[in-house]
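# Tertiary structure, described
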Amino acid sequence: MSDLYVDTSIARFRYRSTGSGPPVLLLPGSGGWRLSFHAMIEVLAGHHTVYALDPPGQGGTVVLDATFRHDVDAIAHSIAAFLNALDLPEVAIVGHSWGGGFALRFAELFPARVSRLALLAPGGLDVGDAWEFRLMRLPLIGELAVRLMPLWSVRHLLRKSFVHRDRVPDALAREAAAAMRSPRNRATMLKVERSVRWTATERDLHLVRAPVLLLWGDQDRFLPVDLLHRFTDRLPAAEAHVLTGCGHSLHDDCPDQTYRRLTPFLLPRRL
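Predicted, not measured: the structure shown is a model, and the values here were computed from it.

Okay, helix 2 (residues 72-85) next. Across its 14 residues, helix 2 extends 20 Å between first and last C-alpha, which sits within 8% of the 20 Å expected from 1.5 Å per residue. Within helix 2, the full set of buried residues consists of V72, A74, I75, A76, S78, I79, A80, A81, F82 and L83. Remark: D87 follows helix 2 within two positions and exhibits a positive phi of approximately 60 degrees.

Within the secondary structure layout, G59 lies in the loop between strand 4 (49-53) and strand 5 (62-63). Sequence separation of G59 and E175 is 116 residues, and the distance between their C-alpha atoms is 9.0 Å.

Attention now moves to the packing of aromatic side chains. The geometry of an aromatic ring pair is captured by two quantities: the separation of the ring centres and the angle between the planes. This structure, assessed with the given rule, holds eight aromatic pairs. Both rings, one in W216 and one in F231, keep their centres 6.0 Å apart while their planes meet at 45 degrees; by these two values the pair is tilted. Taken together, the residues span a long stretch of sequence, with W216 in strand 8 (residues 212-217) and F231 in helix 10 (residues 228-232) at a distance of 15 residues. Residue W216 is classed as buried on the basis of its relative accessible area of 0%. The buried category is assigned to F231, whose relative accessible area is 0%. Ring pairs connect the aromatic residues F13, Y15, Y51 and F82, which therefore count as one cluster. The ring of Y5 carries R12 above its face, with NZ or CZ at 4.4 Å from the centroid.

What counts, and where the lines are drawn
- Residue numbers restart at each chain and count upward from 1, following the sequence in its written direction.
- Note on the predicted model: pLDDT of at least 70 is required for a residue's local features to be given, and 80 or more for side-chain atom pairs to be given and counted; whole-chain, interface and lining totals, by contrast, use all residues.
- Water and hydrogen atoms were dropped before computing side-chain values, which therefore reflect all heavy atoms in the structure.
- Numbering of helices and strands runs from the N terminus, with a helix taken as a DSSP run of H or I at least four residues long and a strand as a DSSP run of E at least two residues long.
- Under the convention used throughout, the expected extent of a helix is 1.5 Å for every residue step, that is, one less than its residue count.
- Burial classes: relative accessible area under 20% of the type maximum marks a residue as buried, over 50% as exposed, and values in between as partly exposed (1.4 Å probe, protein chains only).
- Ring pairs are drawn from Phe, Tyr and Trp, using the six-membered ring of Trp, whenever the two centres fall within 6.5 Å, and their geometry is named by plane angle: stacked under 30 degrees, edge-to-face over 60, tilted for the rest.
- A ring has a charge above it when a Lys NZ or an Arg CZ is no more than 6 Å from the ring centre and no more than 35 degrees off the ring normal.

As structure tokens, then:
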């Protein structure tokens, strides 16, 4: 499966697409990009046309608009531009970590364009980041951290996301470390890390109209499962499940548990 590109006034987006059926958009967590959904693409492609996207600040997507703000609302509008370019008026969205936060903000700003919303250990709450990401927000220190980020540092972040360390995708670690060698990639990633705040996303949760599935690992070391109630309190109709023995990257760490819930949720309901 090769990478695809589409140009908009905001960015030149890199993505992957395969399968047939109702469209599903995959939004990865910070620093993960579309390769973090390598296995999920294949699982969902049997019933869906899958689009795995590098949002601005991740992977091979290049921001073209010099006025782009790199904050949550800007990224939500960039997702709309991507869907417009592919003539996709409505999609189901699967978002992991910060990708879940971006999916939520998109669903708040463009409710008619989201058919279903699956959130895997999502961002979107007005809470502090893990220390590894807070470091990137510091002047000079952040630049030095991403510039000198060796393969072992990337592997540390990935392993922290897993309970089952034998399931850590080494190919993702190598690609992420290689991408950080690009000054352009480093600069854009830092702009996103320093611009994103989730205050409005949490405040506007009541604007989400699509059915919501929330999945969270009980051993998540980036976003603790105790945060789940802040979503369910504001989204009382959401279907929520805590997955036992699973970390932050639960779709790769605990695929059986994840897809047992995710796959039927995404399938269109028959009347």
